[in-house]
Structure formats: C-alpha cells, structure tokens
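# Understanding the architecture of this molecule
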Amino acid sequence: MTVRVLIAGGGTGGHLFPGVAIAEEWLRRSEENRILFVGTNRGIEQKVLKKMGFPLELLNVEGIKGRGLIRSTLALLKLPGSFLQSVRIIRSFRPDIVIGVGGYASGPAVAAARLMGIRTAIAEQNSIPGLTNRILGCFVDRVFLSFADGGKWFPAKKTRVSGNPIRAAFFTGKPVVEKVTDQFSLLIFGGSQGAHAINSAVLDALPFLKPLQGVLSIVHQTGERDCESMSAAYAAGGFNARVVPFIQDMASAYESADLLICRAGATSIAEITAMGKGAILIPFPYAIGDHQTENAKVLLKAGAAVMVPEKELDGRRLVDEIKNLYDHPSRLKEIAANAANMGNIYAASDIVDTCLAMIKK
Ligand SMILES: CC(=O)N[C@H]1[C@@H](OP(=O)(O)OP(=O)(O)OC[C@H]2O[C@@H](n3ccc(=O)[nH]c3=O)[C@H](O)[C@@H]2O)O[C@H](CO)[C@@H](O)[C@@H]1O
C-alpha cells in the first residue's frame, strides 16, 4: 500500500527535524510512499529540506502570539488566505494523512485537512505545548507526545506518548569506538539558531581555557550573527576551533564530541540521549513556560547532564564546569551512560505504526 503523507510545520529545527524523522521512517517502510512538507518561507525548512531532497510547499502565514497588536492583527488577517492555500495543496497532493509538527504552517494545513475529512495528527515535542498545537489538539485524530507531562493539555483519549522522533543518522548502530587521541572535543551549539548568550559566555571563557588549549578541539555553531566575531576570537587565542553558523550533519558532530555545551530544546534533548552524550545544558530561559529548564531538569534528576541556568552563566562558571568534567572522565562517562539510558530511538516507528492503523481503519 502506497501512503501519501503531508507533514506540516517547522520554523525552527526543533519542530522541523522530528518531521524529517517521521518522513524518513515512512520512506524506510516503502520507497513508494510519498512525502510533502508544508512550511513557510521564513522558517528553517527552506534551507534544509531541499538539500535533503524533500519537496516543500510554502504558506503565507505568521505567528500571532506575543507580537504586539498590529503585527498580531496582520498575522490573523493572513489566516484565511493560508487556509485556502492549504486546501489547494491538499487537493493536488491528496494525502492519506496530514501530520502537524508544530510551528505556524501546521495550523492552517492541519485545520484544512480536518475539514476535508482527511486523517490528522500532531506531534508535540515539549512538555508545555505551543499555541498552534493546543488549538489543533481539540480536533485532530491523534496527538503524539514526547513527554507524558504534555498530556494534560489534550483530550486523553487522543494522546499517545511516542517520544520525540529523531533522524535515522542518529542511531546507525555503529559500535562505539574507544578514543585513541588525548584531544578533548567540545561541541558547542545553541539550538537550531545559535545562542548569543552561549557565544558570549564562551568568548568570556577563552582566556581561562588557555591551560587546556593544547588538548581542546572545538566545533562551535554560533548562528549567523556571531560567526565572524567568534571565529576571530578563537583564532586570536590560538584555539583549534571550527566555527560555523549552522551544522548540516549534526549526527557526526555529536558523534565526534566528548562533551556538548548547548540549549535544552526538546529535539536536542532527544538526540543527546539517543547518542548517549554528556552535556552542559544552558536552557533558553524565555521559551514558553520556561519549558527548556523543565527539559533540562529531567536529565539533571537522572544524573544525565549538568545544568547551568542562563542567569548564572559567565565565562568563569563555564570553564569550571568544563574543567570539572575534563578532570573527572569517569564522571563524564557516568553522565553519558545515564543519558544513553533515557534515549528513545523508536518514536518515529511508533508514530508511523499508529498512523498506518488510523489510515487502514
Ligand atoms: C528558543 C525556542 O523556543 N526554541 C524551541 C525550538 O528550539 P530549537 O529549534 O533550537 O530546537 P531543539 O534544540 O529542540 O532542536 C534543534 C534541532 O536543530 C538541529 N541542529 C541544530 C544546530 C545546527 O547547527 N544544526 C542542526 O541541524 C539539532 O540537531 C536539532 O534537531 O524548538 C524546540 C522543540 O519544539 C523547543 O523545545 C525549543 O524551546
């Protein structure tokens, strides 16, 4: 049976990449299955999906919440148009199921599909859902949750705790190769867009990191804004660092790292645990309901990460945490092993199984 799947949403990597993981799983089941993504031209989807070979249709839609009266009103006025665009896309693609992965485009696309009598589902990555998913949760057929906690926002009979889907490259099943060099590899990234606060703290930290300069090998994803200045700072300090605005192959970047320094977005967390990596987590404090801190605390409680709240973050503190783990490899190993115990690599497969059952019903 060939299945036609429309995946709607994106904006940030944290929404889009779980959608990519679901798409990969449909194609793993059968190359005959057909996938179409629906996103917006402001999101990360334009940049990454083409390179991956997935088709993408764009909706003219914007966020409504927290943008001030005029911009929110203008965004609201765009909704009917984006709904009609969605109807046209759905008529032409004829999906068997439409899966919303969060982000602006998922609203009109999933709503249109529901009204056209097509099976619908959403995937919520966070324990506190965003506005679009809260609304869509009232009328879709299924709600896939990453965290059981997220269930309280949705009708219980629709929810299924599947976990957050991660891309196949993150669990290749390759045997873990013991390190032979004495290099200590840091992977520093700030979610899908980079994090200025993390970049500033690292900048502050460089003078204190001098004693480790000979052993440190650094990959730092800065986002667009700070890439040049960070690159110059590492060069001036004589550090062995690769500085980029965005990393295409995150699975390899995780794999080569001894220690991660990053935000605590839900998809990053799913990947860190699936890869079994030790991390210093610096949650983005302004995420809805401070959900990144909640995400980080889940790992913290299990001894599966170190957390530094952004208000306590400066160069000195960051260096203390890095040195502590560098000087105590057995502690870093233990944190990584605890993280690995929390990893779930079956989420995409569970979601596809459930969707297939819905379609066949
Ligand atoms: C500021 C904010 O509100 N961020 C939210 C957003 O974060 P954000 O988009 O940063 O999402 P996550 O940290 O959860 O995931 C980042 C994703 O981007 C990928 N990646 C990252 C950097 C890079 O250079 N290349 C790359 O491919 C990672 O491998 C991962 O798949 O969505 C998440 C999931 O809904 C939420 O939990 C976050 O709170």
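Residues numbered from 1 in each chain as written. Predicted model: local features only at pLDDT ≥ 70, side-chain atom pairs only at ≥ 80, totals over all residues. Heavy atoms only, no water.

### Regarding the nonpolar core
Ranked by size, the top nonpolar core spans 32 residues in total, and within it Leu186, Leu209, Tyr234, Ile261 and Ile322 carry the most contacts. The set of elements that each furnish at least two residues to this core consists of β8 (184-189), α6 (196-209), β9 (216-221), α7 (227-237), β11 (259-262), α11 (315-327) and α12 (329-341). Of the residues forming this core, the biggest block, six residues, is contributed by α6. The next biggest cluster of nonpolar side chains, apart from the first, holds 28 residues, and it includes Val20, Phe54, Val352 and Leu356. (Core = buried A, V, L, I, M, F, W, Y, C linked by side-chain atoms within 4.5 Å. Buried < 20%, exposed > 50% of the residue type's maximum accessible area, 1.4 Å probe, protein only. Helix = DSSP H or I, 4+ residues; strand = E, 2+ residues; numbered from the N terminus.)

### Quick notes on the confidence of the model for the protein
With 97% of its residues at a pLDDT of 70 or more, the protein shows a mean pLDDT of 94. Scored as a complex, the prediction yields pTM 0.94 and ipTM 0.96. (pLDDT = per-residue confidence, 0-100.)

### Some words on the sheet that holds strand β1 (residues 4-8)
In a beta sheet, neighbouring strands pair by backbone hydrogen bonds and run either parallel or antiparallel. The parallel open sheet is built from seven strands, whose spatial order is β3-β2-β1-β4-β5-β6-β7. Only two strands of the sheet have a single neighbouring strand rather than two, namely β3 (56-59) and β7 (159-161). When the angles between neighbouring strand axes are averaged without regard to direction, this sheet yields 25°. Of the pairings in the sheet, the one linking strand β2 (residues 34-40) to β3 comprises four bridges and is parallel in character. Paired with phenylalanine 37 across the strands is leucine 56, a residue of β3. (Pairing = 2+ DSSP bridges. Axes fitted to C-alpha atoms, helices over the stretch in contact; angles between N-to-C directions.)

### A closer look at helix α4 (residues 106-115)
The buried count for α4 comes to eight of ten residues, which makes it a mostly enclosed element. Within the span of α4, buried status applies to Ser106, Gly107, Pro108, Ala109, Val110, Ala111, Ala112 and Ala113. In the stretch just after α4, glycine 117 is the one whose phi turns positive, near 80°.

### Overview of the pattern of salt bridges
Taken as a whole and judged by the stated rule, the model has ten salt bridges. The residue glutamate 25 makes a salt bridge to arginine 29 at a minimum N-O spacing of 2.7 Å. Residue glutamate 25 and its partner arginine 29 are both found in helix α1 (residues 13-29); the two are separated by four residues, about one turn of the helix. (Salt bridge = Lys/Arg side-chain N within 4 Å of Asp/Glu carboxyl O.)

### Details of the environment of aspartate 141
With respect to the element layout, aspartate 141 can be found in the loop between α5 (131-136) and β6 (142-145). Aspartate 141 sits in the partly exposed class, given a relative accessible area of 30%. Linking aspartate 141 and tryptophan 26, residues 115 residues apart in sequence, is a C-alpha distance of 19 Å. Setting aside anything within four residues of it in sequence, one finds aspartate 141 in contact with Ile118, Arg119, Thr120, Lys158 and Met358. At 2.8 Å, the side chain of aspartate 141 and the backbone nitrogen of threonine 120 are in polar contact. (Contact = heavy atoms within 4.5 Å. Polar contact = N/O pair within 3.5 Å; in protein donor to acceptor, adjacent residues only side chain to side chain.)

### Focus on the site of the ligand
If you check the shell around the ligand, you find 23 residues, and the closest are Asn126, Ser192, Ser268, Glu271 and His291. If the ligand stood free it would expose 760 Å²; the protein chains cover 92% of that surface. Those elements giving two or more residues to the shell around the ligand turn out to be α1, α9 (266-275) and α10 (291-301). Per-domain counts for the shell around the ligand show at least three residues from each of domain 1 (4-165 + 345-360) and domain 2 (184-341). (Near = heavy atom within 4 Å. Areas by Shrake-Rupley, 256 points an atom, 1.4 Å probe, with all protein chains shown as cover. Domains from an automatic or database assignment.)

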